[in-house]
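# Results of the structural survey
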Amino acid sequence: MPERGPKNKLFGGGIMSENSTAKKENLFVRLMRRWFLDGMSYMALGLFCTLIIGTIIQQLGKIPYCSFINDIVSSGGKNMAMSNPIVGAAIGVAVAYGLKHKPLVIFSSAVTGALGCVATYGAGDAAVAAGPAGAFIAALVGAEIGGLYAGKTKVDIILVPLGVLLSGGAVAAFVSPVFGWLLQQLGVFINMACERNPIFYGVVISVIVGMVLTAPISSAALCAMLGLSGLAAGAATVGCCVNMVGFAVLSFRENGWGGLVSQGLGTSMLQMGNIVRNPRVWIPPTLASAITGPIATCLFRLEMNGAAVSSGMGTCGLVGQIGVYTGWVADVASGAKAGITAFDWAGLLLVSFVLPAVLCAVLGALFRKKGWIKDGDLKLD
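Residues numbered from 1 in each chain as written. Predicted model: local features only at pLDDT ≥ 70, side-chain atom pairs only at ≥ 80, totals over all residues. Heavy atoms only, no water.

## Concerning the overall build of the chain
The helix and strand inventory of the chain stands at 15 helices and four strands. Per-residue burial over the chain gives 48% buried out of 381 residues. Within the chain, residue pairs in contact and separated by at least 24 positions form 73% of the contacts whose partners lie at least 6 positions apart. Surface exposure of the chain reaches about 17,800 Å², of which carbon and sulfur atoms provide 70%. (Helix = DSSP H or I, 4+ residues; strand = E, 2+ residues; numbered from the N terminus. Buried < 20%, exposed > 50% of the residue type's maximum accessible area, 1.4 Å probe, protein only. Contact = heavy atoms within 4.5 Å. Areas by Shrake-Rupley, 256 points an atom, 1.4 Å probe, with all protein chains shown as cover.)

## What to know about the pattern of salt bridges
A side chain of one charge can pair with a side chain of the opposite charge when the charged atoms of the two come close. This structure, assessed with the given rule, holds six salt bridges. The shortest N-O distance in the salt bridge between Arg34 and Glu144 comes to 2.9 Å. Taken as a pair, Arg34 in helix α1 (residues 20–60) and Glu144 in helix α5 (residues 131–147) lie far apart in primary sequence, 110 residues in all. The residues Arg34 and Glu144 share a single accessibility class, namely buried. Among the ionic pairs, Lys337 bridges to Asp344, the shortest N-O distance being 2.9 Å. Since its relative accessible area comes to 11%, Asp344 is described here as buried. Through salt bridges with shared partners, one network takes in Arg253, Glu254, Arg368 and Asp375. (Salt bridge = Lys/Arg side-chain N within 4 Å of Asp/Glu carboxyl O.)

## Quick notes on the side chain of Ser108
By the secondary structure assignment, Ser108 is in helix α4 (residues 103–118). The buried category is assigned to Ser108, whose relative accessible area is 7%. Engagement of the side chain of Ser108 in a polar contact is seen with the backbone oxygen of Leu104, the distance being 2.7 Å. Non-local contacts of Ser108, meaning those with residues more than four positions away in its chain, are made with Pro161, Val164 and Leu165. (Polar contact = N/O pair within 3.5 Å; in protein donor to acceptor, adjacent residues only side chain to side chain.)

## Describing the confidence of the model for the chain
Taken as a whole, the chain shows an average pLDDT of 86; of its residues, 90% reach a score of 70 or greater. A low-confidence stretch, residues 1–16 stays under pLDDT 50, and its non-local contacts, those more than four residues away or across chains, total 27 contacts. (pLDDT = per-residue confidence, 0-100.)

## Details of helix α14 (residues 319–334)
In a regular helix each residue adds 1.5 Å, so 16 residues correspond to 22 Å; α14 covers 22 Å between its end C-alpha atoms and thus fits that length. Of the residues making up α14, those classed as buried are Val319, Gly320, Gln321, Gly323, Val324, Thr326, Gly327, Trp328, Val329 and Asp331. Remark: Gly335 follows α14 within two positions and exhibits a positive phi of approximately 90°. (Expected span 1.5 Å × (residues − 1).)

## Section: the environment of Leu287
Turning to its location among the elements, Leu287 is positioned in helix α13 (residues 283–299). The exposure class assigned to Leu287 is partly exposed, which follows from its relative accessible area of 40%.

## Quick notes on the packing of α4 against helix α6 (residues 156–174)
It is at 9 Å that the axes of α4 and α6 come closest, and there the two elements cross at 25°. By the angle between their directions, the pair α4 and α6 is classed as roughly parallel. Seen from above, α4 lies across α6 with right-handed handedness. Here α4 contributes Leu104, Val105, Ser108, Ser109, Val111, Thr112, Leu115 and Gly116 to the contact with α6, which in turn contributes Asp156, Ile157, Val160, Pro161, Val164, Leu165, Gly168, Gly169 and Ala172. A breakdown of the residues in the contact of α4 with α6 according to their chemical character gives ten nonpolar, six polar and one charged. (Axes fitted to C-alpha atoms, helices over the stretch in contact; angles between N-to-C directions. Parallel < 35°, antiparallel > 145°, perpendicular 65-115°, else oblique. Left-handed = near helix turned anticlockwise from the far one by under 90°. Nonpolar A, V, L, I, M, F, W, Y, C, P; charged D, E, K, R; others polar.)

## Concerning the environment of Leu226
Within the secondary structure layout, Leu226 lies in helix α9 (residues 219–226). Note: C-alpha distance between Leu226 and Trp181 (45 residues apart in sequence) is 9.5 Å. Once residues lying within four places of it in the same chain are set aside, the contact partners of Leu226 are Leu183, Gln184, Leu186, Gly187 and Ile190.

## Details of the nonpolar core
Membership of the largest hydrophobic core comes to 54 residues, with the highest contact counts inside it found for Met43, Leu47, Ile205 and Val309. With nine residues, helix α10 (residues 230–250) is the largest single contributor of residues to this core. Look past the residues within four positions of Val309 in its chain and what remains in contact with it is Leu47, Leu51, Ile52, Ala220 and Ala224. Counting residues in hydrophobic clusters, the runner-up holds nine residues, among them Ala215, Phe247, Leu250 and Phe367. (Core = buried A, V, L, I, M, F, W, Y, C linked by side-chain atoms within 4.5 Å.)

## Focus: the packing of aromatic side chains
Following the criterion strictly, the structure yields eight aromatic pairs and no others. Plain terms: the ring middles of Phe200 and Tyr201 are 5.0 Å apart, the flat faces sit at 85° to each other, and that makes the pair edge-to-face. Measuring from ring centre to ring centre gives 5.1 Å for Phe252 and Trp257, while their planes differ by 80°; the resulting arrangement is edge-to-face. Classification of Phe252 as partly exposed rests on a relative accessible area of 32%. Judged by relative accessible area, Trp257 falls into the exposed class, the value being 63%. Site record: aromatic cluster; members linked through ring pairs are Tyr325, Trp328 and Trp345. Across the ring face of Trp372, the terminal group of Lys370 is positioned such that the distance to the ring centre comes to 5.8 Å. (Phe/Tyr/Trp six-rings, centres within 6.5 Å; stacked < 30°, edge-to-face > 60°. Lys NZ or Arg CZ within 6 Å of the ring centre and 35° of its normal.)

## Structural notes on the environment of Val212
Tracing the backbone shows Val212 in helix α8 (residues 198–214). Here the alpha-carbon distance between Val212 and Gly312, two residues 100 residues apart in the chain, equals 9.0 Å. The contact partners of Val212, leaving out residues within four places of it in the chain, are Ile217, Ser218, Ser219 and Leu222.

## Regarding helix α15 (residues 342–370)
Its 29 residues give α15 an end-to-end C-alpha distance of 40 Å, which sits within 8% of 42 Å, the value for a rise of 1.5 Å per residue. The largest bend in α15 is about 50°, located at Leu350. Phi for Gly371, located one or two positions after α15, is positive at around 85°. (Bend = angle between axes of the 7 residues up to and from the residue.)

Now the structure itself:
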């Protein structure tokens, strides 16, 4: 993560300097990187430690005689959910920590994150909780404002939490509900569009979310904020799997078994430096995503009806596959699905592991033969 440097001075002596425009652009880029790359990356860690692991524990609790596991981590008898204030608190702490704020700012951000998460747009049955998106924006604003003066006063113990809570709380009350609602509506549109045109959107979603996972952006946070479900979430899951498994296989010659595990079960983001040096290495996984996405949505009708955040995790710790299975179990329990068939399992294994590996191996061999990918281009440090 980038270290915080000295404050930029865009103006000197009341007269705009010659390079002030360049400084402004540089400041804008730094802020965008800080807020949306660093901030969202750490937000994903907060989601993983609450929503994702809570979903996994919930499934473990369904094993005979293991229900006590689920009871241990439930909140007031309720399992982790998108609008659970515990999730918001974890996001708030993760965001403030990721932005390298001081302890008082970090701890205060637990409150603003929780407030932003439970903030609602509308009333009654039509009320929509802001969820992770609301928690993120409230925690971000509160932490950045508190961070402006943290450590610079003799009464930080009062002024820092006061500033964080007042600013973050105001955002949670007036901005988070609208911000969360807009993202959820965008997610609803994507979900509906994928149902109506699974071929086109299977390609688009698979490619975009897969690339987001490999780029220094949090695909898990993106999917959670959009609330992806159904076929759209299934396509997102496939895109992430293709990038992770694809790069693991594509770079096996350079990185061996260690690289296979670290990328296939960890993250393909490890390849970002190599992608910058030779963008062509990203083409095989991208093409494989475009091929595998519509196969998942049209042939196997792969859906992710578990936690939306799981659709942005791919094969990382097998969270994506666990999320798909969780959705199957929930659908069977509700009567929406008759049962889990061998065809379901075959489809999940094929689009998550087999096709990504085969397609990227074939495309990688062709690219190496043409000289577009050379030995060492995918070597991990």
